[in-house]
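# Structural features, examined
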Amino acid sequence: MPANYWDDRWLNDNTSWDMHQVSPPLQAYLSQLTDKTISILIPGCGNAYEAGWLLDNGFTSVTLIDISPTLTGRLREKFPGIPVITGDFFEHSGQYDLILEQTFFCSLDPALREKYVEHTHTLLRPGGKLIGLLFDRNFVGGPPFGGHKDEYQTLLEKNLK
């Protein structure tokens, strides 16, 4: 979807996907991390509840990226001490120890999924991890675009080893 699609959604508060909290499974994973200096990227970050939790819990290197200038403007005010990038994930460069996926993958047209996994691979440092949540169901239309565990596993295993 083009940037103006997402920007319109944020301008009109049409964000029915927003959980208004850190996803409990992600919080459980993050809670067990002991190295607070790892470099973390949150693509398609939305309201970035995860970033707030990370900062509140002593993590020092969190980067947010989203394509919506309306959203990233809000996030710069909310999180003045961390990088908030307005841009296309596929054009982003950098190296991260952890990429935190909160259904950003499912917001992308399924035709872009292989490209997403390939680009994620280029952004991860050796030994880096992609962790996150994906829908295990189909949706009519989209976004979000659904999928199933077997499909994801095949794609991820092929490109992220």
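Structure first, text after, so check above.
What this report covers is the structure whose coordinates are included nearby. Keep in mind that what you see is a predicted model, and the values were worked out from it rather than measured.

## Describing the packing of aromatic side chains
Inspection of every chain in the model, using the stated rule, returns nine aromatic pairs. Ring centres of Phe 135 and Phe 139 lie 4.9 Å apart, and the angle between their planes is 75°; this geometry places the pair in the edge-to-face category. Overall, Phe 139 belongs to the partly exposed group, its relative accessible area being 23%. Connected via pairs of aromatic rings, a cluster forms that spans Phe 89, Phe 90, Phe 104, Phe 105, Tyr 116 and Tyr 152. Lying across the ring of Phe 90, Lys 115 places its NZ or CZ 4.8 Å from the centre.

## Notes on the packing of helix H2 (residues 24-31) against helix H3 (residues 49-56)
Helix packing for two helices is described by the angle between their axes and how far apart those axes are. Where H2 contacts H3, the two axes come as close as 11 Å, and the packing angle between them is 25°. Classified by the angle between their axes, H2 and H3 sit roughly parallel to one another. The two elements H2 and H3 meet at a crossing, and its hand is right-handed. Contact with H2, carried on its side by Leu 26, Gln 27, Leu 30 and Ser 31, involves Glu 50, Trp 53 and Leu 54 of H3 and no other residues of that element. Classifying every residue of the contact of H2 with H3 by side-chain character gives four nonpolar, two polar and one charged.

Definitions and cut-offs
Residues numbered from 1 in each chain as written. Predicted model: local features only at pLDDT ≥ 70, side-chain atom pairs only at ≥ 80, totals over all residues. Heavy atoms only, no water. Phe/Tyr/Trp six-rings, centres within 6.5 Å; stacked < 30°, edge-to-face > 60°. Buried < 20%, exposed > 50% of the residue type's maximum accessible area, 1.4 Å probe, protein only. Lys NZ or Arg CZ within 6 Å of the ring centre and 35° of its normal. Axes fitted to C-alpha atoms, helices over the stretch in contact; angles between N-to-C directions. Helix = DSSP H or I, 4+ residues; strand = E, 2+ residues; numbered from the N terminus. Parallel < 35°, antiparallel > 145°, perpendicular 65-115°, else oblique. Left-handed = near helix turned anticlockwise from the far one by under 90°. Contact = heavy atoms within 4.5 Å. Nonpolar A, V, L, I, M, F, W, Y, C, P; charged D, E, K, R; others polar.

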